[in-house]
Amino acid sequence: MFKKILIANRGEIACRVIKTARRMGIATVAVYSDADALAPFVQMADEAVHIGPAPAAQSYLIPEKIIAACKATGAQAVHPGYGFLSERTSFAEALAAENIAFIGPPVGAIAAMGDKIESKKLAKAAGVNVVPGYVGEIDDTDHAVRIAGEIGYPVMMKASAGGGGKGMRLAFSEKDVREGFESVKREGLNSFGDDRVFIEKFIENPRHIEIQILGDQHGTILYLNERECSIQRRHQKVVEEAPSPFVSPEMRKAMGEQCVALARAVGYYSAGTVELIVSGADKTGQSFYFLEMNTRLQVEHPVTEAITGIDLVEQMIRVAAGEKLAMTQDDIGIDGWAIENRVYAEDPYRGFLPSTGRLVRYRPPLAGWTDDGQANGRRGVDGVRVDDGVYEGGEVSMFYDPMIAKLVTWGQTRDEAADRQIAALDAFEIEGLGHNIDFVSAIMQHPRFRSGELTTGFIAEEYPEGFHGAPASAELQRALAGIAAFLATARADRARRVDGQLGKRLRPPSQWSVLVGGQTFAVELAGDEVTVDGALLDLAMEYTPGDSLVEAEVDGDVLGVKVKPTRGGFQLTTRGAIHQVQVLPARVAAYRAHMIEKIPPDLSRFLICPMPGLLVSLNVAEGDSVEAGQPLAVVEAMKMENILRAEKSGTVKTVHAKAGESLAVDAIILEME
Amino acid sequence: MSANIAEMERRRAAARLGGGQRRIDAQHAKGKLTARERLDVLLDEDSFEEIDAYVEHNCVDFGMAENRIPGDGVVTGSGTINGRLVFVFSQDFTVFGGAVSERHAMKICKIMDMAMKVGAPVIGLNDSGGARIQEGVASLGGYAEIFQRNVLASGVVPQLSLIMGPCAGGAVYSPAMTDFIFMVKDSSYMFVTGPDVVKTVTNEIVTQEELGGAVTHSTKTSVADLALENDIEALLTAREFFDYLPLTNRSGVPERPTSDPWDRLEESLDTLVPASPTQPYDMHEVIAKVVDEGEFFEIQPGHAANIICGFGRVEGRTVGVVANQPLVLAGVLDINSSKKAARFVRFCDAFDIPIITFVDVPGFLPGTAQELGGIIKHGAKLLFAYGEATVPKITVITRKAYGGAYDVMASKHLRGDLNYAWPTAEIAVMGAKGAVEIIFRGLGTEEIANRTKEYEDRFANPFVAAAKGFVDEVIHPHSTRRRIALGLRKLRGKALENPWKKHDNIPL
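All values derive from a computational prediction rather than experimental measurement. (Residues numbered from 1 in each chain as written. Chains lettered and ligands numbered in written order. Predicted model: local features only at pLDDT ≥ 70, side-chain atom pairs only at ≥ 80, totals over all residues. Heavy atoms only, no water.)

Undergrad: I keep staring at the overall build of chain A and nothing clicks. Help me out?
TA: The secondary structure content of chain A amounts to 17 helices and 40 strands. Taken over the C-alpha trace, chain A has a radius of gyration of 27 Å; the compact-globule value for 673 residues is 26 Å, and the two agree within 12%. Taken along the three principal axes of its C-alpha coordinates, chain A extends 85 × 65 × 55 Å. In chain A, of all internal contacts separated by at least 6 residues, the share reaching a separation of at least 24 is 64%. Here chain A displays about 26900 Å² of accessible surface, and carbon together with sulfur accounts for 50% of that area. (Helix = DSSP H or I, 4+ residues; strand = E, 2+ residues; numbered from the N terminus. Rg over C-alpha atoms; globule rule 2.2 N^0.38 Å. Contact = heavy atoms within 4.5 Å. Areas by Shrake-Rupley, 256 points an atom, 1.4 Å probe, with all protein chains shown as cover.)

Undergrad: What's the story with the overall build of chain B in this structure? I'm lost.
TA: Summing up its helical and strand segments, chain B has 19 helices and 17 strands in all. Here chain B has a C-alpha radius of gyration of 26 Å; the compact-globule value for 508 residues is 23 Å, and the two agree. The principal-axis extent of the C-alpha atoms belonging to chain B is close to 95 × 55 × 45 Å. Of all 508 residues assigned to chain B, the portion counted as buried reaches 56%. With 54 positive and 65 negative side-chain charges, chain B shows a spacing of 4 Å between the two charge centroids. (Buried < 20%, exposed > 50% of the residue type's maximum accessible area, 1.4 Å probe, protein only. Lys, Arg positive; Asp, Glu negative; His and termini not counted. Charge placed at Lys NZ, Arg CZ, Asp CG, Glu CD.)

Undergrad: Help me understand the sheet that holds strand β3 (residues 84-91) of chain B in this model?
TA: By definition, the strands of a sheet pair up through backbone hydrogen bonds, in either a parallel or an antiparallel sense. All names here are of chain B. Strand order across the open sheet formed by seven strands is β1-β2-β3-β4-β5-β7-β9, with mixed pairing between neighbours. Both edges of this open sheet fall to β1 (49-51) and β9 (226-228), since each of them pairs with a single strand only. Within the sheet, the average angular offset between the axes of one strand and its neighbour, ignoring direction, is 20°. Summarising the sheet, β1 and strand β2 (residues 74-81) pair through three bridges and their orientation is antiparallel. Each residue of the ladder has a partner; that of E50, found in β2, is G77. (Pairing = 2+ DSSP bridges. Axes fitted to C-alpha atoms, helices over the stretch in contact; angles between N-to-C directions.)

Undergrad: Is there a simple way to think about the domain arrangement of chain B in this case?
TA: How big an interface is tends to be reported as the loss of accessible area on association of its parts. By domain assignment, chain B separates into domain 1 (2-242), domain 2 (267-425 + 462-491) and domain 3 (431-460). Computed over C-alpha atoms only, the centres of domain 1 of chain B and domain 3 of chain B are separated by 60 Å. (Domains from an automatic or database assignment.)

Undergrad: Please explain helix α12 (residues 335-350) of chain B as it appears in this structure.
TA: All names here are of chain B. Spanning 16 residues, α12 covers 23 Å between terminal C-alpha atoms, matching the ideal 22 Å at 1.5 Å per step. I335, S337, S338, K340, A341, A342, F344, V345, F347, C348 and D349 are the residues of α12 that are buried. Taken from the residues just after α12, D352 is the one with a positive phi, measuring 65°. (Expected span 1.5 Å × (residues − 1).)

Undergrad: I tried to follow the pattern of salt bridges on my own but got confused; where do I start?
TA: Between side chains of opposite charge, a pair can form as their charged atoms come close. Tallying each qualifying case throughout the model produces 85 salt bridges over all chains. For A:R497, the salt bridge goes to A:D493, with nearest N and O atoms at 3.0 Å. Of the charged contacts, one joins B:D44 and B:R239 as a salt bridge, the two residues approaching to 2.9 Å between their closest N and O atoms. In this pair, B:D44 sits in the loop between α3 (35-42) and β1 while B:R239 sits in helix α10 (residues 231-242), placing the two residues 195 residues apart along the sequence. As far as burial versus exposure is concerned, B:D44 and B:R239 are alike and both buried. (Salt bridge = Lys/Arg side-chain N within 4 Å of Asp/Glu carboxyl O.)

Undergrad: How do you make sense of a nonpolar patch on the surface when you look at a structure like this?
TA: A cluster of nonpolar side chains, contributed by B:I5, B:M8 and B:Y54, occupies part of the molecular surface with about 260 Å² of accessible area. Structurally, B:Y54 can be placed in the loop between β1 and β2. (Patch = residues over 30% accessible without salt bridge, like charges linked within 9 Å, V, L, I, M, F, W, Y side chains within 5 Å.)

Undergrad: Whenever I open this one, the UniProt feature "domain: CoA carboxyltransferase C-terminal" (unreviewed entry) in chain B confuses me. Can you help?
TA: Residues annotated in UniProt with the feature "domain: CoA carboxyltransferase C-terminal" (unreviewed entry) correspond here to residues 261-502 of chain B. For residues 261-502 of chain B, the helix share is 36%, the strand share is 19%, and the end-to-end C-alpha distance is 43 Å. (UniProt positions renumbered as here; feature names shortened; annotations may be inferred.)

Undergrad: Please clarify how the sheet that holds strand β29 (residues 549-554) of chain A should be interpreted in this entry.
TA: All names here are of chain A. The strand order β27-β26-β25-β24-β32-β31-β30-β29-β28 describes an open sheet built from nine strands, whose pairing is antiparallel. Looking along the sheet, the strands with just one partner apiece sit at the ends: β27 (535-537) and β28 (539-541). Strand after strand, the sheet turns through a mean of 35° between neighbouring axes, direction not considered.

Undergrad: Any chance you could explain the interface of chain B and chain A here in plain terms?
TA: Taken residue by residue, the interface counts 47 residues in chain B and 35 residues in chain A. Buried surface at the junction of chain B and chain A, both sides included, amounts to about 3400 Å², of which 53% is carbon and sulfur. Looking only at chain B, the three residues that lose the most surface to chain A are B:E45, B:N82 and B:I232, adding up to 16% of its buried area. Salt-bridge contacts for A:R587 lead to B:E45; the nearest nitrogen and oxygen are separated by 3.7 Å. Linking chain B with chain A are 20 residue pairs in polar contact (both at pLDDT 80 or more). Mapped by element, the contributors of at least two residues to the side of chain B that touches chain A are α2 (21-29), α3, β3, β9, α10 and α11 (283-290) of chain B. Here the side of chain B that touches chain A takes six residues from α10(B), the largest share from any one element. Partitioned by chemical class, the residues of the side of chain B that touches chain A number 15 nonpolar, 12 polar and 20 charged. (Buried area = accessible area lost by both parts, 1.4 Å probe. Polar contact = N/O pair within 3.5 Å; in protein donor to acceptor, adjacent residues only side chain to side chain. Nonpolar A, V, L, I, M, F, W, Y, C, P; charged D, E, K, R; others polar.)

Undergrad: So what exactly am I meant to see when it comes to helix α4 (residues 89-97) of chain A here?
TA: Side chains three or four residues apart in an α-helix point the same way, a direct result of the helix having 3.6 residues per turn. Residue and element names in this part refer to chain A. Turning to α4, its buried residues are F91, A92 and L95. Buried residues along α4 cover an arc of 100° about the axis, so they all sit on one side. Taken together, the buried residues of α4 touch α3 (63-73), β4 (77-79), β5 (101-102) and α5 (107-114). (Arc of directions from axis to C-beta.)

Undergrad: Help me understand the environment of B:A495, please; the structure alone is not making it clear to me.
TA: All names here are of chain B. As for its placement among the helices and strands, A495 is situated in the segment after α19 (480-490). For A495, a relative accessible area of 74% translates into the label exposed. The spacing of A495 and T390 is 105 residues in sequence and 7.9 Å in space, taken between C-alpha atoms.

Undergrad: Where do I start with unusual backbone geometry in this structure?
TA: Trans is the common state for peptide bonds, and a negative phi is the common state for residues other than glycine. Omega for the peptide link from A:A242 to A:P243 comes to -5°, which places this bond in the cis form. Within the fold, A:P243 resides in the loop between β12 (236-242) and α9 (249-265). A positive phi is found at A:N99, a non-glycine position, where the angle reads about 65°. Looking at the element boundaries, A:N99 is found in the loop between α4 and β5. The exposure class assigned to A:N99 is exposed, which follows from its relative accessible area of 73%. With a phi close to 45°, B:N82 is a non-glycine residue in the positive phi region. Here B:N82 is to be found in the loop between β2 and β3.

Undergrad: Please clarify how the packing of helix α1 (residues 11-23) of chain A against helix α11 (residues 312-320) of chain A should be interpreted in this entry.
TA: Helices that pack against each other are described as a pair by the angle of their axes relative to one another and the distance between those axes. All names here are of chain A. Put simply, α1 and α11 touch, their axes get as near as 9 Å, and they point 65° apart. At the point where α1 passes α11, the crossing takes the right-handed sense. Packed against α1, whose contacting residues are R16, V17, T20 and R23, the element α11 presents L312, V313 and E314 at the interface. Counted by class, the contact of α1 with α11 contains three nonpolar, one polar and three charged residues. (Left-handed = near helix turned anticlockwise from the far one by under 90°.)

Undergrad: Would you take a moment to explain the side chain of A:R16 for this structure?
TA: Residues and elements named next belong to chain A. Structurally, R16 is set in helix α1. Given the relative accessible area of 1%, R16 is considered buried. Looking at R16, its side chain comes within polar contact range of the side chain of T20, at 2.6 Å. If near-sequence neighbours (up to four positions away) are discounted, R16 is found in contact with H301, E305, D311, L312, V313, W369, R385 and D387.

Undergrad: Explain the domain arrangement of chain A to me, please; I cannot follow it from the model alone.
TA: Entries for chain A in the domain assignment read domain 1 (4-103), domain 2 (132-201), domain 3 (206-250 + 280-287 + 296-317 + 329-462), domain 4 (474-594) and domain 5 (606-672). A C-alpha centroid distance of 40 Å is found between domain 1 of chain A and domain 5 of chain A.

Pasting the structure below:
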């Protein structure tokens, strides 16, 4: 076994690998860029080597720097994590040349699977179902249009070397192909240095289901069940679970065996994932097709660990060291259900725009997780596991992936795992930047998610108008009214403990009028009893002014509520939504009827910069008439180009910004008539 | 009930009706509460004790003799806010449009005199059409009586004005001389001459809202400290604000219990100041992580945002916070920020409120607009205010403290009691590049860069200043609250007096 390994990665995955290595008694080396000097993974590792400036291209993506760090520290092996150099054959080869072990698959397998076109040919040859499509080089847009026509719309255009949602575009018509083909090529070139594009049939009602493969260097290859990752946004996975609610034991076996056959065909060992696209329309479960194989550890591997009890990182290390797998296919079971939500630094309330910045407050529901080496350890504490690599006061940097943390829950059943997600998300405090906690909580509560009827179009279909918070039931609103009155009473009581009073200390008001979601509730507190609109509310809670998170027991259920005092009330965040709650003493509320409701000004005339970023291009000039939906400007942030479209038709009156300018959030780009 | 008591009740009821139901309805239709309703929201339940409810005007001209309404357009008296005594007046727009008569003014003067005698703040709710024209000079005299009392009360008891309707002409000068002004958006305005006169005289066309609305005064002019959405929000905010204020200049700050530990450490502050000196950060975070429970009452947030002023509490006791804001104009001192902070510092000093100053200032803002606008005198106001202040003064330099602005921001030399610096502090006469270009005039680019590096290594740290005793200690950012809380405890006994003088001559 290795004595010391180096982790050629950062953030949560570096922390994740270090935890297992430490448990195995292996010393760890971290490498870090300027931006990560204070990051937890650097602190956690036994040694750390600085490898350059913040941009990944100048640090984490330079094999020579990694190898130099290995030599300097005497690391015998490198775990690449995911992304960065994990699937780069040249890196694996360079390590081999230096006699440093690569904790991953053989170079040949990476090469075979790294090319989307080649891998499809291989899959076909290995007897794996593949999606109809064009395999070969595409000359130009006209050629692409012809191919798309032959396959039949809709089609997907993908950068051959792409991944992670970048360099992909869906086309429903010839027009879409003409508009998009060149930009897919460009993105492929810019992001991956390869402008080849391939086109394939787009499966309707598609589900994204993938098989976890694990093999050793002695010819054993197992499948560790499936994961379903259908809930994606712009091809970026958001929610993953294992097992899949769609997969029957027969289907699992069929998929698993095909994927093992593919892995065997390329001499695979270590952990890998075969991604399949499954037609949800075919209930027989026979319509599954090979999509691609990721020759590395996946972001979502913890859900597999939670249901199988197998530590994938440990297995990867053992396999790299030449050990035989200590298990057979028959040992691989499914225990319970696990769900992972990716907590991203993106703001669902503002069209999911990237939102980098400082974590002014970061309090996960539990501080990391400790893999105690027991199978149950992979499930975290009480079924909650947080894989993260950030800290309060740290930065979610524009240089890297905007993922803040992975929240993994485990339960005996799917519903239990989802309920644990909701509770854990309620207790997850992040301030300083936009995040998707409310959004994933809303998904966990969504009836369609609960039914298991997922497709990769789930988010687009269920949130066509964007996300505005999970709907609150009448019971929840009533509970929030009671909670808000309780908070207000506690604060009023404390305010009345000030010194210098004229007479005896006053009691706080006991009757409140609470406005939640447009509905007014009359709340009365008497002793321990809370009455809402005349009916008793079964509420037990404690609150000390200053608390940012309270746990309220309502009708025996625990409700975690994030509390922020506001002028005249509280902002209460729970169950996937932010509630602006107004709380007035009842006698004051009587006057509320006289207040004039102020209508916020109509901003639809303005094109407003939704996030801080660079104005790459402005497509219109003053006096131009534009159609609703027409692209007006492109703002680049987080290396993503965001196209800003006209909300409605009209004429451009004034242009306030020019291309090349760095804009702040809410800066006005242009004004319509 | 005896006939006498019945008569009293009848008169009380009549007085409480003000200008009558029709006018009350009209007031409500404008989204405004009546004078008495406002006091009901402002004060603790049933705590208002009215005086002078039967006062009537003494005017006999223009048919006014037949037109008398008890109370004469203003409701006055006293009550409590969270148990603490306050004197109040609330102008009643339903009675003669709240216009100020001689008697109306005398009512206000009476409660101001009481407040001064017993030592309690005055809150005025302004909603008045102006002078009672029918009374002529008598009304003007009334105003002046109020002005005189505003002046005498200044620095003795806190005075807060809520502008909840019109406040025009000479009437503006009473609130103008109080300590703080809150305005209600859309329903209040303040100007010396209104849009009609402006149009006649200068031919400018301007709306009331643009000329003197809450937004104008809370952003552009700095006349108002806060703009609130409506009457209820304004009144409840005034309650919250009142909780920070001492009752008088002798009472000391109020204290209330808190469970926020005095020695709470905030590890995240260690990473607040970015590595790049040109990258901004939000100074609000430091304030929120230092004061009790993160609660900070900021005044003039919409004006001169390059400096932050407001009240917080440490160990339950009020502190005034002044802080440069690197997020806005790099936290530079300019005319507006100097004036804003100077007035705030003087309020704190007058009422014995300790001042916490967070410093990240690159200097004074250069430019013709500033120089020709008189930055010399305006900047001097803040310098003067800090220099004369005798309350406990604790200063924390988080990053830049350059040039004259370093001196101004509650430096050791201005009798700062405890002057701390974070390890990221740079106390220097100016930025390294600028300094090198002056010291080594005429050097090539490369040489300048080398010298700049040299200068930075030498001066871009707090230790040069610490070696001279200008900084008392270089502290861990995470321990800032603990240091300040402990410092405030130790400074409670601070006794410092300025030389006897009739009054100083601050550069106005």
